[in-house]
Amino acid sequence: MYDPDKCDLCGECLESCTYLDFSLDQAKAAMEALAAGEHPDWLDSCVTCFACTERCKKGADPFALICQRQEESGTYVDPEMFAGVKAHFSPPEGGFTPPKVEGDLLDACTIYNPARESFESRVFESLPMVRGRHYFCNVLYMHMGNLSVVRQGLSRFVGRLSATGAGRVILPHEDCYAALLMAREQGIDIPFTPVHLYEYLLEYLEKNEADITPLGMTIAYQRPCAARYTGGRDDLADKLFEKIGVTRAQRKYDRKNALCCGLNPVGALPSRKGMGPVQDANVADAKESGATAMVFLCPMCKEALKQKCAENGLTPLFVVDLLRAALGEKELLGG
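Structure report, in brief. (Residues numbered from 1 in each chain as written. Predicted model: local features only at pLDDT ≥ 70, side-chain atom pairs only at ≥ 80, totals over all residues. Heavy atoms only, no water.)

### What about the side chain of Gln-70?
Here Gln-70 lies in helix H4 (residues 62–73). Beyond its immediate chain neighbours, meaning those up to four positions away, Gln-70 contacts Leu-43, Cys-46, Thr-48, Thr-75, Tyr-76 and Gly-145. (Helix = DSSP H or I, 4+ residues; strand = E, 2+ residues; numbered from the N terminus. Contact = heavy atoms within 4.5 Å.)

### Topic: the packing of helix H12 (residues 276–288) against helix H13 (residues 299–311)
Here H12 crosses H13 at 60 degrees, and the two axes come no closer than 10 Å. Taken as axis vectors, H12 and H13 run oblique relative to one another. Once H12 is placed against H13, the crossing between them reads as right-handed. Along the contact surface, H12 presents Gly-276, Gln-279, Asp-280, Asn-282 and Val-283, while H13 presents Ala-304, Leu-305, Lys-308 and Cys-309. (Axes fitted to C-alpha atoms, helices over the stretch in contact; angles between N-to-C directions. Parallel < 35°, antiparallel > 145°, perpendicular 65-115°, else oblique. Left-handed = near helix turned anticlockwise from the far one by under 90°.)

### Observations concerning the nonpolar core
Membership of the largest hydrophobic core comes to 63 residues, with the highest contact counts inside it found for Leu-14, Trp-42, Phe-63, Ile-66, Tyr-141 and Met-142. Elements represented by at least two residues in this core include exactly helix H1 (12–15), helix H2 (24–35), H4, helix H5 (79–89), helix H7 (148–162), strand E3 (168–171) and helix H8 (174–185). If you look at the next biggest cluster of nonpolar residues, it comprises 39 residues, including Ile-219, Tyr-221, Ile-244 and Val-295. (Core = buried A, V, L, I, M, F, W, Y, C linked by side-chain atoms within 4.5 Å. Buried < 20%, exposed > 50% of the residue type's maximum accessible area, 1.4 Å probe, protein only.)

### Overview of the sheet that holds strand E5 (residues 217–222)
Strand order in this open sheet of 4 strands is E6-E5-E7-E8, and the pairing throughout is parallel. Edge strands, defined here as strands with exactly one partner in the open sheet, are strand E6 (246–248) and strand E8 (315–318). In this sheet, adjacent strand axes meet at a mean angle of 40 degrees when their direction is disregarded. Of the strand pairs in this sheet, E5 and strand E7 (residues 293–296) are connected by 4 bridges, and their pairing is parallel. In the sheet register, Gln-222 faces E7, and the bridge partner there is Phe-296. Where helix H11 (residues 234–243) meets the sheet, its contacts fall on E5, E6 and E7, and the angle it forms with E6 comes to roughly 145 degrees. Helix-sheet contacts for helix H14 (residues 319–326) involve E5, E6, E7 and E8, and the interaxial angle to E8 is about 90 degrees. (Pairing = 2+ DSSP bridges.)

Written out as structure tokens, the structure reads:
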């Protein structure tokens, strides 16, 4: 949530943008214009990677302001296209009966289908699961220049998870974890403990350390955009990789310099039509780092880059599949 009291309009967040070419003076002027309620043309060229918020040294969340202005302008995404996406992800009216759970619960949101095989693992076999549109976190809409739908959906998202009675909710998608942090910022009470996927996986490996066969491989990691809101969790990712004998390659495009995957679902994001060269640079950097695989926390990022990975001799893998390999569940060849 943008905090004007923390923002000194220094422009450093925009000057450091990977995709838009701002000098510091231009960036200062751009932030002043946004704060004054203007809707400059460059808003439609923003790729919504959230990086400006992570790079803001004051914690002002400038991307939330950008997203607000994109929504106000009404030009970032075609309204008819946006309505279609919203209809696709909105839960049906009525018929919602939450399962009753004691202890831990796995929330697979709407990413279950693209990662179905990964969820069918011993790693999750003891966890009751909820999934589908009733548990959609709505953070996707920030990639479509719309903040109000996200904010409006946070209470419902928290409420439906709370209705299960779970003490802890395991969140395998970075967007969902980010949504709960946003809910807290809005003052929404969260009666359960949100647990990031990496926290859960590290707990699991500590309990099953004797079953681990170190993989001895070097991987490139595709950091999800929503990690900009959650503190990155890079420390947890590094610990996880170390536990299973995986080396995270030293890359140009990683950590705070990570590139957006460039996914453009059904052509809904005009700003991403020219992302091919960015994707190429991302994958080439991964290959040049000595990695043999590219590892994804977000299954949709994997969908966006899997073909380019394959063309460059990199096996695309969802992060859970690395653990499954180290536990003897999965062969890595072919991803």
